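Reading the structure
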Amino acid sequence: MNTAAPAPIVILLSGRGSNLQAILDAIRSGELPASVRAVISNNPQAPGLQVAAAAGVPTEIVDHRSYPDRAAFDRALMTTIDRHQPALVVLAGFMRILGADFIQHYAGRLINIHPSLLPAFKGLNTHAQALAAGAREHGASVHFVTSDLDGGPVIAQARVPVEPGDTVERLSARVLAAEHRIYPKAIRWFVEQRLTLRNGHVLLDGACRPEQGLTGPNRIAEAS
Ligand code: GRF
């Protein structure tokens with residue numbers, strides 16, 4: 001049994017907050033030994049702020065519109081985050097692009113979830129991209145954030161089938177359910193110090209997981 005104190009994490013979001021809810025649920029059920037010290041949003045209207053408040057998690061707003069440029073916004077965000085001394089900063093639907101200084105400051109302790117099987121379908125509207133490309137399979141990826149947008153080392157992926165007649169709504173709901181499974185799990189791996197980054201590849205418990213049938217050397221499957 002793990003008796004260590006729960007790891008402090010900070011979550012950044014701009015919208016709905018369903019991944020935040022999944023993380024809070026995993027903490028509450030004892031699956032994730034972490035403590036959400038703060039939820040920070042650039043968007044004062046983000047519904048995710050209500051999700052946090054309902055769980056008794058402190059919320060803070062750093063509104064990008066209050067700063068003259070991205071560097072000033074990033075600095076204010078860093079100051080706000082660092083007051084909570086997080087072991088890990090979790091992007092959960094955070095819709096601002098972060099600058100190089102910010103990313104460097106949190107190198108190795110900043111993660112994101114992206115709704116595609118990276119490196120496929122980077123950027124926005126990933127479900128529409130997948131449908132337009134005729135993809136048979138789609139999914140979500142948790143990755144370390146680097147200055148390569150949606151290109152950082154992948155920690156975990158979840159695959160879902162693309163079904164005949166799928167719409168963006170149906171496909172995105174299927175992917176979102178998978179996101180809610182893998183994000184708490186990937187955070188658990190991080191806070192339990194089971195992840196290492198080597199040469200831009202992520203290892204779990206010191207090993208790649210080729211037996212799980214994934215394609216690249218840095219892919220770790222949903223299992224475990
Ligand atoms: C998710 O689809 C996530 O993959 C993407 O933004 C969305 C956030 O959804 N980065 P929610 O706010 O967690 O519901």
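Residues numbered from 1 in each chain as written. Predicted model: local features only at pLDDT ≥ 70, side-chain atom pairs only at ≥ 80, totals over all residues. Heavy atoms only, no water.

Some thoughts on helix α3 (residues 70-82)
- End to end, α3 covers 18 Å across 13 residues, agreeing with the expected 18 Å (1.5 Å per residue, within 8%).
- Within α3, the full set of buried residues consists of Ala-72, Phe-73, Asp-74, Ala-76, Leu-77, Met-78, Thr-80 and Ile-81.
- The secondary structure elements touched by the buried residues of α3 are β1 (7-13), β2 (34-41), β3 (59-61), β4 (88-91) and α4 (100-105). (Helix = DSSP H or I, 4+ residues; strand = E, 2+ residues; numbered from the N terminus. Expected span 1.5 Å × (residues − 1). Buried < 20%, exposed > 50% of the residue type's maximum accessible area, 1.4 Å probe, protein only. Contact = heavy atoms within 4.5 Å.)

Considerations on the environment of Asn-19
- Looking at the element boundaries, Asn-19 is found in helix α1 (residues 18-28).
- Exposure remark for Asn-19: the relative accessible area of 8% places this residue in the buried category.
- Each C-alpha atom of the pair Asn-19 and Leu-91 lies 9.5 Å from the other, and the pair is 72 residues apart in sequence.
- Excluding anything up to four places from it in sequence, Asn-19 contacts Ala-92, Ile-113, Leu-176, Glu-179, His-180 and Tyr-183.

What about the pattern of salt bridges?
- This model, assessed by the stated rule, comprises nine salt bridges.
- Between Arg-170 and Asp-166 there is a salt bridge whose closest N-O contact spans 3.4 Å.
- Residue Arg-170 is classed as partly exposed on the basis of its relative accessible area of 44%.
- Under the relative-accessibility criterion, Asp-166 is labelled buried at 11%.
- Residues participating in the shared-partner salt-bridge network are Arg-188, Glu-192, Arg-194 and Asp-205. (Salt bridge = Lys/Arg side-chain N within 4 Å of Asp/Glu carboxyl O.)

Notes on the side chain of Asp-74
- Positionally, Asp-74 belongs in helix α3.
- One buried charged residue, Asp-74, forms no salt bridge at all, with the nearest opposite charge on Arg-70 at 4.6 Å.
- In contact with Asp-74, not counting residues within four places along its chain, are Leu-98, Gly-99 and Phe-102. (Lys, Arg positive; Asp, Glu negative; His and termini not counted.)

Some points on the site of the ligand
- In the vicinity of the ligand, the contacting residues are Arg-16, Gly-17, Ser-18, Asn-19, Gly-93, Ile-113, His-114, Pro-115 and Glu-179.
- Taking Asn-19, its main chain carries an N or O atom lying 2.8 Å from an oxygen atom of the ligand.
- One of the side-chain N or O atoms of Glu-179 is found 2.8 Å from an oxygen atom in the ligand.
- Sorting the residues of the shell around the ligand by element identifies α1 and β5 (110-114) as the ones contributing at least two each.
- Across the shell around the ligand, the residue classes break down as two nonpolar, five polar and two charged. (Near = heavy atom within 4 Å. Polar contact = N/O pair within 3.5 Å; in protein donor to acceptor, adjacent residues only side chain to side chain. Nonpolar A, V, L, I, M, F, W, Y, C, P; charged D, E, K, R; others polar.)

Topic: the side chain of Asp-166
- Take Asp-166: it is sitting in the loop between β7 (154-161) and α6 (168-191).
- Only 3.4 Å separates the side chain of Asp-166 from the side chain of Arg-170, close enough to count as a polar contact.
- Reaching out from Asp-166, the side chain makes a polar contact with the side chain of Arg-174 at a distance of 2.6 Å.

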